[in-house]
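# A closer look at the structure
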Amino acid sequence: MTRLSLKFCLPLLLLAGCGLHPVALGSSAPASVVPVSDWPVHRSPTAVDVAMERRIAEIVAGMTLEQKVGQITQPEIRYITPEEVRQYYIGSVLNGGGSWPDMDKAATVQEWAALSNRYYLASVSTDMPTQIPVIWGTDAVHGHNNVAGATLFPHNIGLGAAHDPALVERIGRATARQARATGITWVFAPTLAVGENRRWGRTYESYSSDPAIVGQYADAMVRGLQGGLDGEGDVVATAKHFMGDGGTFNGIDQGETRATREEMITRHGAGYYAALDAGVQTVMASYNSWNDVQAGEDYGKMHGSRELLIDVLRGRLGFDGFVVSDWNGIDQVPGCTKDHCAAAINAGIDMVMVPEDWRAFITNTVSDVREGRIPMARLDEAVTRILRVKMRSGLFERAPSESTYNGRADAVQASALAREAVRKSVVLLKNDGGVLPLARDRKILVVGASADSLSNQTGGWSLTWQGTENTNADFRGGTTLLGALRRVLGADNVVYSIDGVGVDVSGFDAVIAVLGETPYAEYNGDVRHPAPVQHSLAYPADLTTLRTVSGRGVPVVTVLYSGRPAYANDLINLSDAFVAGFLPGTEGDGLVDVLLGGEYDFTGRLSFAWPGSACSTGEGPGDIVQFARGYGLSYAKAVTVGRLPTPITPATCEAQEPYARE
Ligand code: GLC
């Protein structure tokens, strides 16, 4: 048992969630029934720097009210110029998904870095007695995904299947360098959601439904991103979204998490204990609310929950960095609007992500403090925490442009590492007859709309927020699975037909069908209850394509790109081999490495259970599980799957009769 896993596993031991046999924790009853009544106690791993704290106090004491409010304000780059950052004493900017310098998707690394430098120089050119550098935050959630030409890694759902924290730490290091290449020193990652309902559109941003995996990866990604925190290849990381984003009722994004206190502590908190112990410097509040229905305790929206943001996060868990709100997240606090929310700041939000309406926010918040609705002490504490993180990360000592990675296009490349991550993140669900690995001297027919689509291969949060409106060329790099097959087997040995219609399949040694979801992000990816969650219902063309090429006497290998564990028994039954590709990112070569004979075997193991019916959306007692969490075949472990049951999918999951079998 490694140091970390014991440390963060302590609350989980009660649920034997760590591969340890439950040990009694000071009681005679078996540990598995000892209720978890309170939040674990953690202390910041960062020693208090007395001189730094004194310096911060002196700076805060010399700031005007307007300067303090400017410091807690985070506009989006489309809505604020460098000159306005100077004029309004702005503490941070962000670029949202699909936002680039001059709104140019093709902006170069140098252009990103130049804009960063303009914001930085403006922020340190104010009339303040002590200049406070602005900090730029970005969603680099699977590599630096807004930047054209950057290598994009598999999304978290695939990394979870790799069961390789060391790999995740290396990905964090590479992602930090990618960010520093563009002059950005703060990344809104890792997402520490423990995904529970595959209806949720952000399932792919979760590493696993197993809190133990989330905890291991939280530690790894924070250490990878932050490194020594003030180095030229380091960035500030963000533990998000605090707390319970993966547990909302019916998987409704930004909805109500009805977890019990024990579930919140032992499941949804698991990633945070590890991230905090790894020294994460920022936490992003979550849109969801928490309503402990069983206990009759409704904590309300996280953005307005003093219990969670102050009593738990700061009190019990010892967090000494700063809390940032989510995009207009304060708007969801009762009585608040996008540009005005004393309640959220009083509840413990330190920096407010107010992308567009930042001027009004500043005016309203200055009034709130002046008229006593926000205590000056609370504002001072928020500014203090922000300055602490900026100083710890070296921002007061060195401009972002002073990094050796700054402006370097090669620093956003990490193809070999991403290719390794792809190999390790895909899961072999079926390989009947040992169809895989394919020999390298074969003639292959490739079908499926996803075979040559970097968009479907990378998913949401890729160049744009939703991952849509992109062409392969927009990525300025990357390799689709089709492209990788052509490169390895020779273009003459690989024929592509998007749907297989009119092709004489018998002329080929094998068919590779590449199916997949089209990209989405956040609530746009929700499959709202009571709709069934079945790939072939959402993407009927994929089923049609498979039916066109299956049963023709030529083995069919299916690869499915999905942001969630997808009910697909109908597709699996039409395939001789079936690979869960999840969302592998830009390096399609990693898939070819394991599909073709050679050096690599499949090692991926599901980090979410794979459903056995269209209405089984979780991993609870009522759900039919086709492949359990931890399942994954390899060439060394040949298992015949055979024909899977295909229960009749009801029109709606409310009419969820006992499953009639066909
Ligand atoms: C989004 C997401 C959050 C992201 C933020 C900034 O709405 O919830 O994960 O970091 O806005 O883009």
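Residues numbered from 1 in each chain as written. Predicted model: local features only at pLDDT ≥ 70, side-chain atom pairs only at ≥ 80, totals over all residues. Heavy atoms only, no water.

## Structural notes on the domain arrangement of the protein
Taken domain by domain, the protein holds domain 1 (43-411) and domain 2 (426-627). The gap between the C-alpha centroids of domain 1 and domain 2 is 34 Å. In this assembly, 47 residues from domain 1 lie in contact with 51 residues from domain 2. Both sides of the domain 1 and domain 2 interface together cover about 3,500 Å² of buried area, and 51% of this is carbon and sulfur. Broken down residue by residue, the surface that domain 1 buries against domain 2 is led by Arg-198, Arg-199 and Tyr-204, which jointly contribute 26%. Applying the counting rule to domain 1 against domain 2 returns two salt bridges. (Domains from an automatic or database assignment. Contact = heavy atoms within 4.5 Å. Buried area = accessible area lost by both parts, 1.4 Å probe. Salt bridge = Lys/Arg side-chain N within 4 Å of Asp/Glu carboxyl O.)

## Quick word on the packing of aromatic side chains
Tallying each qualifying case throughout the model produces 13 aromatic pairs. Their ring planes at 35 degrees and their centres at 6.0 Å tell us that Trp-112 and Trp-136 sit as a pair that is tilted. A residue pair is termed long-range when its members are at least 10 positions apart, and Trp-112 in helix 5 (residues 109-123) and Trp-136 in strand 3 (residues 135-138) qualify at 24 residues. We note that Trp-112, like Trp-136, is buried. Site record: aromatic cluster; members linked through ring pairs are Trp-112, Tyr-119 and Trp-136. Note that Arg-258 overlies the ring of Phe-249, its terminal NZ or CZ placed 3.8 Å from the centroid. Looking at Arg-423, its charged tip hangs above the ring of Tyr-600, at a distance of 3.7 Å from the centre. (Phe/Tyr/Trp six-rings, centres within 6.5 Å; stacked < 30°, edge-to-face > 60°. Helix = DSSP H or I, 4+ residues; strand = E, 2+ residues; numbered from the N terminus. Buried < 20%, exposed > 50% of the residue type's maximum accessible area, 1.4 Å probe, protein only. Lys NZ or Arg CZ within 6 Å of the ring centre and 35° of its normal.)

## Comments concerning the site of the ligand
What surrounds the ligand is a group of 13 residues, the closest being Asp-139, Arg-202, Lys-240, His-241 and Asp-326. Measuring from an oxygen atom of the ligand, one finds a side-chain N or O atom of Tyr-287 at 3.2 Å. For the ligand, an oxygen atom lies 3.1 Å from a polar atom in the side chain of Glu-522. In the complex, 96% of the free accessible area of the ligand, which totals 310 Å², lies under the protein chains. One can see that the ligand is located within the second largest pocket. (Near = heavy atom within 4 Å. Polar contact = N/O pair within 3.5 Å; in protein donor to acceptor, adjacent residues only side chain to side chain. Areas by Shrake-Rupley, 256 points an atom, 1.4 Å probe, with all protein chains shown as cover. 1 Å grid on protein atoms, 1.4 Å probe; cavity = no way out; pocket = protein on both sides within 12 Å on 5 of 7 lines; lining within 4 Å. Sits in = over half its atoms within 2 Å of the grid points.)

## Regarding the state of the cysteines
Within this structure, the stated rule accounts for two disulfides. Disulfide pairing is shown between Cys-615 and Cys-653; the S-S distance is 2.1 Å. Across the S-S bond linking Cys-615 and Cys-653, the dihedral sits near -85 degrees, which makes this disulfide left-handed. Taken together, the positions of Cys-615 in the loop between strand 18 (610-611) and strand 19 (625-627) and Cys-653 in the segment after strand 19 put the pair 38 residues apart, joining distant regions of the chain. Considered together, Cys-615 and Cys-653 belong to a single accessibility category, that of buried residues. (Disulfide = S-S within 2.5 Å.)

## Brief notes about the sheet that holds strand 9 (residues 297-301)
Pairing is mixed in the open sheet, where three strands are placed in the order 6-8-9. Every other strand in the sheet has two partners, leaving strand 6 (256-257) and strand 9 as the edge strands with one partner each. The pairing of strand 8 (residues 289-292) with strand 9 spans four bridges and is antiparallel. The residue of strand 9 that forms the bridge with Asn-291 is Asp-298. (Pairing = 2+ DSSP bridges.)

## What to know about the sheet that holds strand 10 (residues 322-324)
Spatially, three strands are ordered 5-7-10 in an open sheet, and the strand pairing comes out parallel. Each edge of the sheet is formed by a strand with only one pairing partner; in this case those strands are strand 5 (238-242) and strand 10. For this sheet, the mean angle separating the axes of adjacent strands, direction not counted, is 25 degrees. With three bridges connecting them, strand 7 (residues 282-285) and strand 10 associate as parallel partners. From the neighbouring strand, Thr-282 faces strand 10, where its bridge partner is Phe-322. (Axes fitted to C-alpha atoms, helices over the stretch in contact; angles between N-to-C directions.)

## A short note on the pattern of salt bridges
Under the definition given, this model contains 36 salt bridges. Between Arg-419 and Asp-593 there is a salt bridge, and its shortest N-O distance comes to 2.7 Å. Pair noted here: Arg-419 is in helix 15 (residues 415-425) and Asp-593 is in helix 21 (residues 589-595), with a separation of 174 residues, a long-range link. Among the ionic pairs, Glu-619 bridges to Arg-629, the shortest N-O distance being 3.3 Å. One end of the pair, Glu-619, is in the loop between strand 18 and strand 19; the other, Arg-629, is in the segment after strand 19, with 10 residues separating them in the sequence.

## Quick word on the packing of helix 8 (residues 211-226) against helix 10 (residues 270-277)
Interaxial distance between helix 8 and helix 10 falls to 7 Å at its minimum, and their mutual angle equals 25 degrees. Here helix 8 lies roughly parallel to helix 10, going by the angle between them. Along this stretch, helix 8 crosses helix 10, giving a crossing that reads as right-handed. Packed against helix 8, whose contacting residues are Pro-211, Val-214, Gly-215, Ala-218, Asp-219, Val-222 and Arg-223, the element helix 10 presents Ala-270, Gly-271, Ala-274, Ala-275 and Asp-277 at the interface. In terms of residue class, the contact of helix 8 with helix 10 is made up of seven nonpolar, two polar and three charged. (Parallel < 35°, antiparallel > 145°, perpendicular 65-115°, else oblique. Left-handed = near helix turned anticlockwise from the far one by under 90°. Nonpolar A, V, L, I, M, F, W, Y, C, P; charged D, E, K, R; others polar.)

## A word on the environment of Thr-138
Inspection of the secondary structure assignment puts Thr-138 in strand 3. Take Thr-138: its relative accessible area is 0%, and that puts it in the buried class. Considering only alpha carbons, one finds Thr-138 and Thr-480, 342 residues apart in sequence, at a separation of 26 Å. Among residues more than four places away in sequence, those in contact with Thr-138 are Asn-95, His-144, Asn-146, Ile-184, Trp-186, Val-187 and Phe-188.

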